[in-house]
Amino acid sequence: MLRLICLIALVFATAISVVGQSKPIKRKYRGVYEGQIPAYEVRMGQEVYTVKASTLRILLDRDSIFFEIGTYRYASGYSIENNEKQFSLSATRDQSGISEQLILDPKTRTMIRKGLYPQPDATLTRFGKLPRR
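Scope of this entry: the structure provided in the associated data block. (Residues numbered from 1 in each chain as written. Predicted model: local features only at pLDDT ≥ 70, side-chain atom pairs only at ≥ 80, totals over all residues. Heavy atoms only, no water.)

**Describing the packing of aromatic side chains**
Then, in step 1: This structure, assessed with the given rule, holds 3 aromatic pairs.
Then, in step 2: With 5.6 Å between their ring centres and 55 degrees between their planes, Tyr29 and Phe87 make a pair best called tilted. Of the two residues, Tyr29 is situated in the loop between helix 1 (2-20) and strand 1 (31-37) and Phe87 in strand 8 (residues 87-92); the sequence distance between them amounts to 58 residues.
Then, in step 3: When the ring of Tyr72 is compared with that of Tyr74, the centres are 5.1 Å apart and the planes differ by 50 degrees; the resulting orientation is tilted.
Then, in step 4: The class for Tyr74 is buried, based on a relative accessible area of 13%.
Then, in step 5: Cluster of aromatic residues (ring-pair linked, three or more members): Phe67, Tyr72 and Tyr74. (Phe/Tyr/Trp six-rings, centres within 6.5 Å; stacked < 30°, edge-to-face > 60°. Helix = DSSP H or I, 4+ residues; strand = E, 2+ residues; numbered from the N terminus. Buried < 20%, exposed > 50% of the residue type's maximum accessible area, 1.4 Å probe, protein only.)

This is the structure we're talking about:
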């Protein structure tokens, strides 16, 4: 009886993990996307600071995404939501819990990174395939 319960629990746990995974993005949309975050101003109290423009590079792989913003680099998993004409990707940063929102247009193969206020949105274009490891 105990073996039967363990077997049922194992099958149930395996089924949940398979259903919980999102479908990977198609190979033709994976690759290196590059763009630039435009300069913007930040108000802190009475002071206004100007933040310079910085380069943004995103490497989109089967099950992970890599961000390179200036000298800052991090990796994350992502989830996909397929809308009518575009894909919405959501990736969370491990330490902060802040979600990165990306919109991929499959027709033009461009990506828009939604900036966190006051940071403006950045448009990225597909630069090429992923470098092989």
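**As for the nonpolar core**
Then, in step 1: Core analysis: the largest hydrophobic core is formed by 22 residues, its most contacted members being Tyr33, Ile58, Leu60, Ile65, Leu104 and Met111.
Then, in step 2: Those elements that place two or more of their residues in this core are strand 1, strand 2 (40-44), strand 4 (54-60), strand 5 (65-69), strand 8, strand 9 (99-105) and strand 11 (122-128).
Then, in step 3: Excluding anything up to four places from it in sequence, Met111 contacts Tyr33, Ile58, Leu60, Leu102, Ile103, Leu104, Ala122, Thr123 and Leu124. (Core = buried A, V, L, I, M, F, W, Y, C linked by side-chain atoms within 4.5 Å. Contact = heavy atoms within 4.5 Å.)

**Remarks on the sheet that holds strand 5**
Then, in step 1: Sheet architecture is open: 9 strands sit in the order 6-5-4-1-11-10-9-8-7, paired in antiparallel fashion. Each edge of the open sheet is held by one strand with a lone partner, namely strand 6 (72-76) and strand 7 (79-82). Neighbouring strand axes in the sheet, compared pairwise and without regard to direction, differ in orientation by 25 degrees on average.
Then, in step 2: Of the strand pairs in this sheet, strand 7 and strand 8 are connected by 4 bridges, and their pairing is antiparallel. The residue of strand 8 that forms the bridge with Glu81 is Ser88. (Pairing = 2+ DSSP bridges. Axes fitted to C-alpha atoms, helices over the stretch in contact; angles between N-to-C directions.)

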